[in-house]
Amino acid sequence: MVVRRPLGGLPEACCPWAIGYVIVRATEEGIALKIVVLGDVHGNLPALEVALREARAEGYDVLCHTGDLVGYAPFPDETVALLKAERIPGVRGNLDENVAAAADGSGSCATEAQVRVFEEKAFAWTVQRTERLTLEYLRNLPFERRLEAGGRRALLVHANPIDMYTGLWEERDEDYFREMGDASEADVIIFGHTHRPYHRIVDGRHFVNAGSVGFPADGDPRTCYAVIQTNGNVEAQYRRFPYNVDHLLKTAAERRFPAEAALFFKREA
Ligand SMILES: [Fe+2]
């Protein structure tokens, strides 16, 4: 029997990714499981609110995030508070770890110099402005979560199955994906970090990059989330929605967030 219900808001015991490895007994092989993945939110509350609203409207069995909850937009505490209140399970990203540790740098994987400069300034702002309870929450996020459903083993990580810093770019060769796939001990690897959504299949293993809710890097400035459906096959789709960028930039100015934000948060491509 399939139980279709949103998991956000339920007690942790009901949520398959609330703890390390739980088998979802409500599904059987061949029966669809719908997973909505919120990729790197990065402190962008207006984008997260829209993504959550739309995800609820379309429905899901599992809702989760890939980490990097803070870092590049002026709402670190509000973003974490919302995900915490909604009990949305997820994993720890490099930004989560480095902000919590007040590290010297963010561990960004941005390739453009201008983006890196902004990201490091935004990181420094976030380290200074984030509340202790938020830091505690970020520090305690797990490295990975596992889910078994419909005969498939799924792994949720931030960047790749081995570390939270090395981007798993779509252009890498098949051998690299094979190595990552073997390390994952999973059939479906769900991750983010590069902010570029894609679904690549190597040797029957599915690699699904969820993209980024709060700071997309694929040329489309709208918020993004991934929808993964297992039903014998594994399918991934991406949803895109506009959000209130003016609210973000107004708050950025009020909170003395790095002014370069205006260059990177845009209403349209
Ligand atoms: Fe990241």
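Each value, and the rule that gives it
- Residues numbered from 1 in each chain as written.
- Predicted model: local features only at pLDDT ≥ 70, side-chain atom pairs only at ≥ 80, totals over all residues.
- Helix = DSSP H or I, 4+ residues; strand = E, 2+ residues; numbered from the N terminus.
- Buried ≥ 20, exposed ≤ 12 C-beta atoms within 10 Å, placed from the backbone.
- Contact = placed C-beta atoms within 7 Å.
- Core = buried A, V, L, I, M, F, W, Y, C linked by C-beta atoms within 7 Å.
- Pairing = 2+ DSSP bridges.
- Axes fitted to C-alpha atoms, helices over the stretch in contact; angles between N-to-C directions.
- pLDDT = per-residue confidence, 0-100.
- Arc of directions from axis to C-beta.

Draft legend 1. View of the overall build of the chain. Summing up its helical and strand segments, the chain has 8 helices and 10 strands in all. Counting the 269 residues in the chain, one finds 46% classified as buried. The long-range share in the chain, meaning contacts at least 24 apart out of those at least 6 apart in sequence, stands at 70%.

Draft legend 2. Just unusual backbone geometry, in detail. Located in the positive-phi region is histidine 42, a residue other than glycine, with phi close to 55°. Mapped onto the fold, histidine 42 is located in the loop between strand S2 (33–38) and helix H1 (45–58). With 26 C-beta atoms packed within 10 Å, histidine 42 lands in the buried category. Phi at aspartate 203 takes a positive value of approximately 50°, unusual for a residue other than glycine. Following the sequence through the fold, aspartate 203 ends up in the loop between strand S7 (198–202) and strand S8 (205–209).

Draft legend 3. Representation of the nonpolar core within the structure. Counting 70 residues, the largest nonpolar core has Val37, Ile190 and Tyr225 as its most contacted members. In terms of residue count, H1 provides more of this core than any other element does, 6 residues in total. Not counting the four nearest positions on each side in its chain, valine 37 is found in contact with Cys64, Thr66, Ile190, Ala210, Tyr225, Ala226 and Ile228.

Draft legend 4. Structural detail: the sheet that holds strand S9 (residues 223–231). Ordered in space as S3-S2-S9-S10, the 4 strands form an open sheet in which the pairing is mixed. Taken across any chain shown, the strands that pair with only one partner, and hence form the sheet edges, are strand S3 (62–65) and strand S10 (233–241). On average, each strand axis in the sheet is inclined to that of its neighbour by 20°, with strand direction left out of account. Here S2 runs beside S9; their pairing, made up of 5 bridges, is antiparallel. Residue pairing for S9: isoleucine 35 is matched across the bridge by isoleucine 228. The sheet contacts of H1 involve S2, S3, S9 and S10, and relative to S9 the element is tilted by about 30°.

Draft legend 5. Highlighting the confidence of the model for the chain. Predicted confidence across the chain gives a mean pLDDT of 89, with 88% of residues reaching 70 or more. Low pLDDT, under 50, characterises residues 1–14; the predicted model gives this stretch 24 contacts beyond four residues in sequence or across chains.

Draft legend 6. Examining helix H7 (residues 245–254) more closely. For H7, the complete set of buried residues consists of Leu248, Leu249 and Ala252. The buried residues of H7 occupy an angular sector of 90° when projected down its axis, which confines them to one face. Of the exposed residues in H7, those oriented more than 90 degrees away from the buried face are Asp246, Lys250 and Glu254. Its buried side turned inward, H7 meets H1 and helix H8 (261–264). Of the residues flanking the end of H7, it is arginine 256, one or two places downstream, whose phi is positive at about 55°.

Draft legend 7. Representation of the environment of proline 142 within the structure. When you line up the elements, proline 142 lands in the loop between helix H5 (132–139) and strand S4 (145–149). Considering only alpha carbons, one finds proline 142 and valine 91, 51 residues apart in sequence, at a separation of 5.1 Å.

Draft legend 8. Inspection of the environment of leucine 33 at higher detail. By the secondary structure assignment, leucine 33 is in strand S2. For the pair leucine 33 and threonine 230, spaced 197 residues apart in sequence, the C-alpha to C-alpha distance is 5.3 Å.

Draft legend 9. Main features of helix H2 (residues 76–85). Taken as a whole, H2 has its buried residues at Pro76, Thr79, Val80 and Leu83. Angularly, the buried residues of H2 cover 90° about the axis, an arc narrow enough to put them on a single face. Those residues of H2 that are buried are in contact with H1, S3, helix H4 (113–129) and H5. Of the residues trailing H2, arginine 87 is marked for its positive phi of about 55°.

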